[in-house]
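A closer look at the structure
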Amino acid sequence: MEKLSWIEYQGLGTFQKILYKIGRFFAAIPSFFVRIGKAIGRGVKAAVFAVGREFRDLVMTLINGSWRTKLSYLIMGFGNFACGQIVRGAAFLLFELVFIWYTVTTGAGWMSKLGTLGDVQTGEVYDPILDTYIRAAGDDSFKILLFGGLSVVFCIAFIIAWRMSIKQSKANDEVLKSGKHPQKFKADVHDLIDAKFHKTLLAVPLLGIFLFTVLPIVFMIVVAFTNYDGAHDGYSNLFTWVGWSNFADLFNSQKSNLGFAFKHILGWTLTWAFFATFTNYFLGIVVALLINKKGIKFKKVWRGILVLTSAVPQFISLMYMSKLFAKNGLINGFLIKSGILDVPFDFWGNATSARILVILINVWIGIPYLMLIATGILMNIPDDLYESAKIDGANAVQAFMKITLPYMLFITGPYLLTSFIGNINNFNVIFLLTGGNISNPRLTVGGTSATDTDLLITWLYKITTGADSNFKLASVVGIMIFVVVAGLSLIVYNVLPSNKNEEDFQ
């Protein structure tokens, strides 16, 4: 879509402006992905050059470095020991000794089996002494994948530490050439609590993120390239690498039902996230505007009533609403007694009614929170803006569209994005309301049947807790959820007014 000038844009009607913005948003998507591709290309190029520079520096340091530095190639921390940095040298040397011990005793064995994920099947062998068959333990694919992967990470950490040892020895050589003395342990401690205190504070959080976030994500991605499931648990029956076949099944609707199920559930997930986010958002603003309107009495009472609905645990509220609309629930009982229905209607068994209900019930749950957020923001909008608009002849709707809504979107844009992402992964509302409704046979994958109201996250739960425990499929779906969420987040964040025009409301 061709970009309009400011004068041309102002000449459009309200509905035309909305359509223009939507068109510009979708028109910017291809160029956005082109920029992402170029950025990835530049990143790969920079990484290759960085590796080349490091390798060249290693070679030149080995040729031109002092005897202390050259010995550091074999004995980590030797350069530190030679310069009196005992604690640094001891840390490097201890790390090297631990690495050698672990690799020789354990790590090498795990890594040697990573290529096949195990060859020896667990079974039974005849014991002539006991005159019976006894269980003979074989390989464990899961442990090989886990500990083999951790061993690879340990090797990478060793290479980084080895490189740091050489760099520090080289830096000490340069300090000695300048006539100074290398920094000792006491000065290192002083730096860690003063000049480099930010590194001290970030060390533990970064380590936690790496151990409890990065490594599990990497493990999940690796599992997606295996046939790990209930039939191949890795112990009684080994699993192995299958390459890209799991992803091929996901996008090939003709080869398996997996592709159809994924597209169907993905479509409903995005639809649900859109309505769950924006119905709460706009209705919450409307409720806040109604309560804040001049002349409304008992404002604190109305706000308090809405807040009380949030005080009730969501588990209780959702389970109550689920029973309320059950076939033997109060709603069906009322409709039958009123003569509207002759037989109970299966609200949760019908795809259309179930989807409408989960959206409406989510509105009931979400409006109070949005009302509180909107109330706080509305109180900060200057009254002069509304008075000026009224003098210029603007009605209430025009004042809302030109003043209130732009201000709200500017302030709450990041919240809208995070709320949309949160609704994509909204497990509670969907599972507690519709967890027991009738499954759709067309969405049956690997013995597990999803429902028409299942989101990707609830489907993920079912395929990992069912009889088949399809972990390989769960990993593939988890990766696709990440791709969808990350892609939408990057696109939307780059078009948010609060990101592009930070000074507009300052």
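The model shown is predicted, which means the values in this text are computed figures rather than measured ones.

Cut-off values and rules
- The residue numbers shown here count from 1 along each chain, following its written sequence.
- Note on the predicted model: pLDDT of at least 70 is required for a residue's local features to be given, and 80 or more for side-chain atom pairs to be given and counted; whole-chain, interface and lining totals, by contrast, use all residues.
- By convention in this description, side-chain values take in all heavy atoms of the structure and omit both hydrogens and water.
- Here a helix means four or more residues in a row that DSSP labels H or I, a strand means two or more in a row labelled E, and each is numbered from the N terminus.
- Partly exposed residues are those whose accessible area sits between 20% and 50% of the maximum for their type, while under 20% is buried and over 50% is exposed, using a 1.4 Å probe and protein chains only.
- Contacts are assigned to residue pairs with any non-hydrogen atoms lying within 4.5 Å of each other.
- In these tables, accessible area is a Shrake-Rupley quantity obtained with a 1.4 Å probe, and a residue counts as shielded only by the protein chains included in the view.
- The quantity called pLDDT is the predictor's confidence in a given residue, expressed from 0 to 100.
- A patch consists of residues exposed above 30% relative accessible area that lack any salt bridge, with like charges linked at up to 9 Å and nonpolar side chains (Val, Leu, Ile, Met, Phe, Trp, Tyr) linked at up to 5 Å.
- Here a salt bridge means any side-chain nitrogen of Lys or Arg lying within 4 Å of a carboxyl oxygen belonging to Asp or Glu.
- Angles here are taken between N-to-C directions and fall from 0 to 180 degrees, while the axes themselves are lines fitted to C-alpha atoms, restricted in helices to the stretch in contact.
- Put simply, angles under 35 degrees are roughly parallel, angles over 145 are roughly antiparallel, angles from 65 to 115 are roughly perpendicular, and the rest are oblique.
- We call a crossing left-handed when the near helix sits turned anticlockwise from the far one by less than a right angle, and right-handed when that turn is clockwise.
- Residues belong to a common nonpolar core when they are buried Ala, Val, Leu, Ile, Met, Phe, Trp, Tyr or Cys residues joined through side-chain atoms within 4.5 Å.
- By the convention adopted, Pro, Cys, Tyr, Trp, Phe, Met, Ile, Leu, Val and Ala count as nonpolar, Lys, Arg, Asp and Glu as charged, and the other residues, Gly among them, as polar.
- Here, expected helix span is obtained from the residue count minus one, scaled by 1.5 Å.
- Take the seven residues that end at a residue and the seven that start at it, fit an axis to each, and the angle between those axes is the bend at that residue.
- The rule is short: rings of Phe, Tyr and Trp, with Trp giving its six-membered ring, pair when the centres are within 6.5 Å, and they are stacked under 30 degrees, edge-to-face over 60, tilted in between.
- N or O atoms within 3.5 Å of each other form a polar contact, as long as, within protein, one can give a hydrogen and the other can take it, and as long as residues adjacent in sequence are counted only when both atoms are side-chain atoms.

1. Some remarks on the overall build of the protein chain
Counting its regular elements, the protein chain contains 20 helices and four strands. Classification of the 506 residues of the protein chain by burial places 35% in the buried group. Within the protein chain, contacts between residues at least 6 apart in sequence are counted, and of these 64% link residues at least 24 apart. Accessible surface, the protein chain as shown: approximately 30,000 Å² in total, 69% of it carbon and sulfur.

2. Regarding the confidence of the model for the protein chain
Residues at a pLDDT of 70 or more form 89% of the protein chain, whose mean pLDDT is 83. Taken element by element, the predicted model of the protein chain shows its lowest mean pLDDT in helix H20 (residues 497-500) (60) and its highest in helix H5 (residues 86-112) (93).

3. Quick word on a nonpolar patch on the surface
A contiguous nonpolar patch, built from Phe81, Ile86, Val87, Phe185, Val189, Leu192, Ile193, Phe197 and Leu201 and spanning about 800 Å² of accessible area, is present on the exposed surface. Of all elements in the fold, only H5, helix H7 (185-192) and helix H8 (197-223) reach the threshold of two or more residues within the nonpolar patch.

4. Overview of the packing of helix H10 (residues 257-292) against helix H16 (residues 396-424)
Between H10 and H16, the least distance of the axes is 10 Å, while the angle of their chain directions is 140°. On the basis of their axis angle, the class for H10 and H16 is oblique. In this structure, the crossing between H10 and H16 has a hand that is right-handed. Contacts from Thr269, Leu270, Trp272, Ala273, Phe274, Ala276, Thr277, Phe278, Tyr281, Phe282, Ile285 and Leu289 in H10 reach Phe400, Thr404, Leu405, Met408, Leu409, Thr412, Leu416, Ser419, Phe420, Asn423 and Ile424 in H16.

5. So, the nonpolar core
Grouped together as the largest cluster of nonpolar side chains are 52 residues, with contacts concentrated most on Trp272, Trp348, Val358, Leu433, Leu456, Trp459 and Val477. Contributions of two or more residues to this core are made by helix H9 (245-251), H10, helix H12 (314-324), helix H14 (351-378), H16, helix H17 (427-434), helix H18 (456-465) and helix H19 (471-495). Excluding anything up to four places from it in sequence, Leu456 contacts Phe262, Ile265, Leu266, Thr269, Val477 and Ile481.

6. Description of the packing of H10 against H14
For any two helices packed against each other, one specifies the inter-axial angle together with the distance between the axes. Look at H10 against H14: their axes get within 6 Å of each other, and the N-to-C directions meet at 45°. Classified by the interaxial angle, the pair formed by H10 and H14 is oblique. Classified by chirality, the crossing of H14 by H10 is right-handed. Looking at the contact of H10 with H14 residue by residue, the classes come out as 19 nonpolar, eight polar and one charged.

7. Some points on H8
Given a rise of 1.5 Å per residue, 27 residues ought to cover 39 Å, and the 38 Å separating the end C-alpha atoms of H8 matches this to within 8%. Bending of H8 peaks at approximately 35° at the position of Ala203, with proline Pro205 no more than four residues after it.

8. Some points on the environment of Gly243
As for its placement among the helices and strands, Gly243 is situated in the loop between H8 and H9. Apart from residues no more than four positions distant in its own chain, Gly243 is found in contact with Ala224 and Phe225.

9. So, the packing of aromatic side chains
How two aromatic rings sit relative to each other is given by the distance of their centres and the angle of their planes. Applying the stated rule across the entire model yields 27 aromatic pairs. When the centroid spacing of 6.4 Å and the interplanar angle of 45° are considered together, the rings of Trp268 and Trp272 count as tilted. Here Trp268 and its partner Trp272 are both found in helix H10, four residues apart, which amounts to about one turn of the helix. Trp272 gets classed as buried once you look at its relative accessible area, which sits at 0%. Judged by centre distance (5.0 Å) and plane angle (80°), the rings of Phe345 and Phe347 are edge-to-face.

10. Let's talk about the environment of Leu417
Residue placement: Leu417 occurs in helix H16. The spacing of Leu417 and Tyr493 is 76 residues in sequence and 7.4 Å in space, taken between C-alpha atoms. Residues in contact with Leu417, not counting those within four places in the same chain, are Leu488, Ser489, Val492 and Tyr493.

11. A word on the side chain of Thr375
Among the structural elements, Thr375 can be located in helix H14. At 2.7 Å, the side chain of Thr375 forms a polar contact with the backbone oxygen of Met371. Excluding residues within four positions of it along the chain, Thr375 makes contact with Ala288, Asn292 and Arg303.

12. Focus: the pattern of salt bridges
For the structure on display, the rule yields eight salt bridges. Of the charged contacts, one joins Glu54 and Lys167 as a salt bridge, the two residues approaching to 3.6 Å between their closest N and O atoms. Taken together, the residues span a long stretch of sequence, with Glu54 in helix H2 (residues 14-64) and Lys167 in helix H6 (residues 141-177) at a distance of 113 residues. Assessed through its relative accessible area of 31%, Glu54 is described here as partly exposed. Between Arg163 and Asp57 there is a salt bridge whose closest N-O contact spans 2.5 Å. You can see Arg163 sitting in helix H6 and its partner Asp57 sitting in helix H2, a full 106 residues away along the chain. One network of salt bridges, with partners in common, ties together Glu54, Asp57, Arg163, Lys167 and Lys170.

13. With respect to H18
Burial runs high along H18: seven of the 10 residues are buried. Along H18, the positions that sit buried rather than exposed are Leu456, Ile457, Thr458, Trp459, Leu460, Lys462 and Ile463.

14. Some thoughts on unusual backbone geometry
At Leu117, a position not held by glycine, the phi torsion is positive, near 60°. Taking relative accessible area as the criterion, Leu117 reaches 0% and is therefore assigned buried. You will see that Phe298, though not glycine, has its phi angle at about 55°, which is positive. Topologically, Phe298 is positioned in the loop between H10 and helix H11 (299-311).

15. Observations concerning the side chain of Ser151
By secondary structure assignment, the location of Ser151 is in helix H6. Here Tyr102 takes part through its side chain, which lies 2.8 Å from a polar atom of the side chain of Ser151. Setting aside its immediate chain neighbours within four residues, Ser151 contacts Tyr102, Gly107, Trp110 and Met111.

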